[in-house]
2 protein chains.
Amino acid sequence: MTAKAPDQSPRRGPGRPRHETPSAEFLERRESIIDTALEVFKQRGYDSGSLDDVAAVLGLRKASLYYYVRSKAELLYFVFDRAINRALERLETLTSADESPRQRLEALIRHQVMVVSDDPSLFTVFFDQRPHHDGEYEAEIQKKERRYLRLYAQGVTDDAEAGVLTNIDPRYAAQLVLGMTNWTYKWFDPSRDDAEALADAAVQLVLGSSDVDGD
Amino acid sequence: MTAKAPDQSPRRGPGRPRHETPSAEFLERRESIIDTALEVFKQRGYDSGSLDDVAAVLGLRKASLYYYVRSKAELLYFVFDRAINRALERLETLTSADESPRQRLEALIRHQVMVVSDDPSLFTVFFDQRPHHDGEYEAEIQKKERRYLRLYAQGVTDDAEAGVLTNIDPRYAAQLVLGMTNWTYKWFDPSRDDAEALADAAVQLVLGSSDVDGD
DNA sequence: CCTACCGATCGGTAGG
DNA sequence: CCTACCGATCGGTAGG
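Just so we're clear, the structure is a prediction, and the values are computed from it rather than from any experiment. (Residues numbered from 1 in each chain as written. Chains lettered and ligands numbered in written order. Predicted model: local features only at pLDDT ≥ 70, side-chain atom pairs only at ≥ 80, totals over all residues. Heavy atoms only, no water.)

Undergrad: Could you clarify how one ought to interpret the protein's contact with DNA strand D in this entry?
TA: Inspection of the region around DNA strand D gives 17 residues, with Arg61 and Ser64 of chain A together with Lys62, Tyr66 and Lys72 of chain B positioned closest. The sugar-phosphate share of atoms of DNA strand D within 4 Å of the protein amounts to 58%. At a separation of 3.1 Å, a phosphate oxygen of DNA strand D approaches a polar side-chain atom of Arg29 of chain A. Within the contact set of DNA strand D, a phosphate oxygen lies 3.1 Å away from a backbone nitrogen or oxygen of Leu51 of chain B. For the surface near DNA strand D, the class distribution of residues is 7 nonpolar, 6 polar and 4 charged. (Near = heavy atom within 4 Å. Polar contact = N/O pair within 3.5 Å; in protein donor to acceptor, adjacent residues only side chain to side chain. Nonpolar A, V, L, I, M, F, W, Y, C, P; charged D, E, K, R; others polar.)

Structural data, given as structure tokens:
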């Protein structure tokens, strides 16, 4: 439905290689472009942050970026994909830890608060620039995002079975918990707010119900 | 600090009149422009939604808008200010209702979930286009937003005193509760999700601790 | 409220 | 990886 350039290349995931085997230098160079793009988008947003800006930081001309990236939208996709992959890895090690359901859910909440409050403007890019993805890239992102959500839903479900949280739709509960923590990027000011205290409050708010010996 | 046009007019709040007394027709016309701008920004975002778009919907030329509005940024401010005022009114009647602390906090949560899930794309404008405000307008918005936050903080505090929520920083708790509910605009799909069920889940998640007779 | 238009920005391409 | 450039968009202004 959405207008899409009818390119002659056959079938291919978003952002696959231009060369059959990208050289190491090529990949390194592209990584640094992705780094820079993230910084530019953090500071100026996706719309206002231009490819000229990105190129300038790297001492290049805009046209040169097109050797590494096929479009601005693809560059945004690279920024996203890399970050999501890293976040998923961290989250998976976290949920596979050998702990009680309650401890695991608490860890999930704490983790998300700490990560977001550590660099709120980073999440301005991830949470607010989503609509700018081309439909092609968007699907890819959604898949990984759903995995992220499922990890939270599982955390909630385990906890519910252990009797800490009562009968709530796990998907709704997961979205609510994620919302509670993610929203942090909208208001958290590292120079004024205390991430630890906030994490405590978040855990308290959701799990405070059961057995808390508040000190 | 931020670059600002050095205009010769003396002191004046953002968005004040051009005429000493704007005529009724003038105000009406401007309201319809604000209506339209909201629709355009909802559909295309602030950056991509052009003044040409807004004018076209109204059967006008872009230049004509400048009779009613001094800049695109001011138009965004008008959109915000009107919505915030309405939201504040609703919230204030809600919190002044004669109910127990627990009922009041529950009402706050329910209200926010219902409002946001009713029209998620509306909140895409309010929550994600904030950075586009001129510094001059931003201050005005912040003031009202803080009032909004305070109403939530009060709700949490009252509840804490009644013993439902334990010792949590009221401001953090308020932000967390607001985040939990506001985040809805990022994922809620009216054709798939159930706002009532979500509201239940949200109330449950925060207040489920005390006396719930889950049916 | 309109016609006409400016100045600037920007993504992307040609062609090397 | 660069120079040069196109085509389009856009906010805003002049002047009526």
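Picking up after the structure, the text goes on.
Undergrad: Sorry, what's going on with the pattern of salt bridges here?
TA: Oppositely charged side chains may form a pair once their charged atoms are brought near each other. All names here are of chain A. Applying the stated criterion across every chain, the model contains 37 salt bridges over all chains. A salt bridge links Lys42 to Glu39, with the shortest nitrogen-to-oxygen separation between them at 3.3 Å. Of this pair, Lys42 and Glu39 both sit in helix 1 (residues 24-48), 3 residues apart, which is roughly one turn of that helix. Residue Glu39 is classed as partly exposed on the basis of its relative accessible area of 35%. (Salt bridge = Lys/Arg side-chain N within 4 Å of Asp/Glu carboxyl O. Helix = DSSP H or I, 4+ residues; strand = E, 2+ residues; numbered from the N terminus. Buried < 20%, exposed > 50% of the residue type's maximum accessible area, 1.4 Å probe, protein only.)

Undergrad: What should I look at first to understand the relation of the copies chain A and chain B in this one?
TA: Put simply, the two copies of the chain differ by a rotation about an axis and a shift along that axis. At an RMSD of 0.0 Å, chain A and chain B line up after a rotation of 180° and a shift of 0.0 Å along the axis. On this basis, the relationship between the two copies can be described by a two-fold rotation axis. Counting the interface residues of chain A, we find that 97% of their copies in chain B are interface residues as well, pointing to one common contact surface. (Least-squares fit on C-alpha atoms with pLDDT ≥ 70 in both. Contact = heavy atoms within 4.5 Å.)

Undergrad: Is there a simple way to think about the packing of aromatic side chains in this case?
TA: A ring pair, where both rings are aromatic, is described by two values, the distance of the centres and the angle of the planes. Summed over the entire model, instances satisfying the criterion amount to 28 aromatic pairs over all chains. Ring centres 4.9 Å apart and planes at 80° place the aromatic pair Phe127 of chain A and Trp183 of chain B in the edge-to-face group. Of this pair, Phe127 of chain A sits in helix 6 (residues 120-128) while Trp183 of chain B sits in the loop between helix 8 (170-182) and helix 9 (184-187), placing the two residues on different chains. Taken as a pair, Phe127 of chain A and Trp183 of chain B share a single burial class, namely buried. Seen from their ring centres, Phe41 of chain B and Tyr46 of chain B are 5.2 Å apart, and the 65° between their planes marks the pair as edge-to-face. Judged by its relative accessible area of 2%, Phe41 of chain B is buried. With a relative accessible area of 8%, Tyr46 of chain B lands in the buried category. An aromatic cluster is built from Phe80, Phe123, Phe126, Phe127 and Tyr185 of chain A together with Trp183 of chain B, whose rings are joined through pairwise contacts. Above the ring of Phe78 of chain B, the side-chain terminus of Arg30 of chain B is found at 4.5 Å from the ring centroid. (Phe/Tyr/Trp six-rings, centres within 6.5 Å; stacked < 30°, edge-to-face > 60°. Lys NZ or Arg CZ within 6 Å of the ring centre and 35° of its normal.)

Treat this as a map of the structure, not an account of what it does.
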